[in-house]
Amino acid sequence: MGPTRPATLVVAGLAAAAVAWWMISSFYGDIPSLPWLPTVTLAALAVLEGYVAINTRQRIERRPGREPVDPLAVARYVVLAKASSLAGAIFAGFYAGLVGWLLIERTRAAGNDIPAASAGLAASLALVGAALWLERSCRVPKRPEDDRDSDTSDN
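Residues numbered from 1 in each chain as written. Predicted model: local features only at pLDDT ≥ 70, side-chain atom pairs only at ≥ 80, totals over all residues. Heavy atoms only, no water.

Asker: If you had to explain the layout of surface pockets to someone new, which residues and values would you point to?
Answerer: Of the voids in this model, the largest pocket is the one considered here, and its volume is about 230 Å³. Taken together, 14 residues make up the lining of the largest pocket; nearest its centre are Ile24, Ile31, Leu34, Phe94 and Leu98. Along the lines of polarity and charge, the residues of the lining of the largest pocket split into 13 nonpolar, 1 polar and no charged. For the second largest pocket, the calculated volume is near 180 Å³. At the level of elements, α2 (37-60) and α3 (71-104) are the ones that each hand at least two residues to the lining of the second largest pocket. When its residues are assigned to classes, the lining of the second largest pocket shows 8 nonpolar, no polar and 2 charged. (1 Å grid on protein atoms, 1.4 Å probe; cavity = no way out; pocket = protein on both sides within 12 Å on 5 of 7 lines; lining within 4 Å. Points joined across faces, edges and corners; volume = space filled by probe spheres on them. Nonpolar A, V, L, I, M, F, W, Y, C, P; charged D, E, K, R; others polar. Helix = DSSP H or I, 4+ residues; strand = E, 2+ residues; numbered from the N terminus.)

Given below as C-alpha cells:
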C-alpha cells in the first residue's frame, strides 16, 4: 500500500463538487436548511486524527515516557487515514460545490445556508489535512544504518 496520491483526492473532490452543484441546483427548494451536525462531526474527526498523529509519531520515535507502538495499531491508523482523507476530499468537494452555488444564488435561504456550508468546507479540509498528517506520522523513520546500507549497495 502506497501513500495517498494528491491527484486521487483532487479528482474525488471535483467529482463531488460537480454532483453537489447539480443536486443543489435541481433540488434546493425541496430541502430544509443545512444542518451543523456534519460539520461538527468532521471537525471532531480532524481533531481526533490530529491527536492520534502526534501520539503515534512520538511512540514510533520512542520518545521518553512513551510506550512502543503496536505495529497492528499503526496499520489500522494508516487505513483510517487513507479512508478519512478520501472521505474528507469528497465532503470538501461537496461543500465547495454547495458554497459556490449558494454564493451565486441571491435568495435569503441561500444566504442563511452559507455559514453552515463554509464551516463544512473548512472542517472537511481540516479532516483531509489531519488524515494526511496521520498517514505520514505512521511511517517508520529512517535509521542511520539504513543510509549506510544503501551507500554500500550503490558501489
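Asker: Quick rundown of the side chain of Thr39? Include the residues and the values.
Answerer: Summarising the element assignment, Thr39 is placed in helix α2. Judged by its relative accessible area of 7%, Thr39 falls in the buried class. Side-chain polar atoms of Thr39 contact the backbone nitrogen of Gly120, separated by 3.5 Å. Setting aside residues up to four positions removed in sequence, Thr39 forms contacts with Tyr95, Ala116, Ala119, Gly120 and Ala123. (Buried < 20%, exposed > 50% of the residue type's maximum accessible area, 1.4 Å probe, protein only. Polar contact = N/O pair within 3.5 Å; in protein donor to acceptor, adjacent residues only side chain to side chain. Contact = heavy atoms within 4.5 Å.)

Asker: Describe the packing of α2 against helix α4 (residues 108-137), and please don't skip the residues or the numbers.
Answerer: Look at α2 against α4: their axes get within 8 Å of each other, and the N-to-C directions meet at 20 degrees. Judged by the angle between their axes, α2 and α4 are roughly parallel. Considering how the two elements wind past one another, α2 and α4 form a crossing that is left-handed. Looking at the contact of α2 with α4 residue by residue, the class counts come to 17 nonpolar, 6 polar and 3 charged. (Axes fitted to C-alpha atoms, helices over the stretch in contact; angles between N-to-C directions. Parallel < 35°, antiparallel > 145°, perpendicular 65-115°, else oblique. Left-handed = near helix turned anticlockwise from the far one by under 90°.)

Asker: Please provide a residue-by-residue account of unusual backbone geometry, values included.
Answerer: We note that Arg62 has phi near 55 degrees; this positive angle belongs to a residue other than glycine. Structurally, the position occupied by Arg62 is in the loop between α2 and α3.

Asker: Describe the packing of aromatic side chains, naming the residues involved and giving the relevant values.
Answerer: Inspection of the entire model under this criterion finds 3 aromatic pairs. Pairing Phe94 with Tyr95 gives two aromatic rings, centres 6.3 Å apart and planes at 80 degrees, and the pair type is edge-to-face. (Phe/Tyr/Trp six-rings, centres within 6.5 Å; stacked < 30°, edge-to-face > 60°.)

Asker: Quick rundown of the nonpolar core? Include the residues and the values.
Answerer: Core analysis: the biggest nonpolar cluster contains 16 residues, and Tyr28, Leu34, Leu98, Leu102 and Ala117 have the highest contact counts within it. Looking at this core, the elements with two or more residues in it are α2, α3 and α4. Ranked by residues supplied to this core, first place goes to α4 with 6 residues. Apart from the residues within four sequence positions on either side, Leu98 is in contact with Ala20, Ile24, Leu34 and Ala117. (Core = buried A, V, L, I, M, F, W, Y, C linked by side-chain atoms within 4.5 Å.)

Asker: Requested: an account of the packing of α2 against α3, with residues and values cited.
Answerer: It is at 11 Å that the axes of α2 and α3 come closest, and there the two elements cross at 150 degrees. What the angle tells us is that α2 and α3 run roughly antiparallel. Like other packed secondary-structure pairs, α2 and α3 cross with a definite hand, here left-handed. Together, Pro38, Thr39, Leu42, Glu49, Val52, Thr56 and Ile60 of α2 and Val74, Tyr77, Leu80, Ala81, Ser84, Phe91 and Tyr95 of α3 make up the contact between the two elements.

Asker: Tell me about the environment of Ala122, residues and numbers included.
Answerer: Residue position: Ala122 is located in helix α4. With 93 residues separating them along the chain, Ala122 and Gly29 place their C-alpha atoms 25 Å apart.

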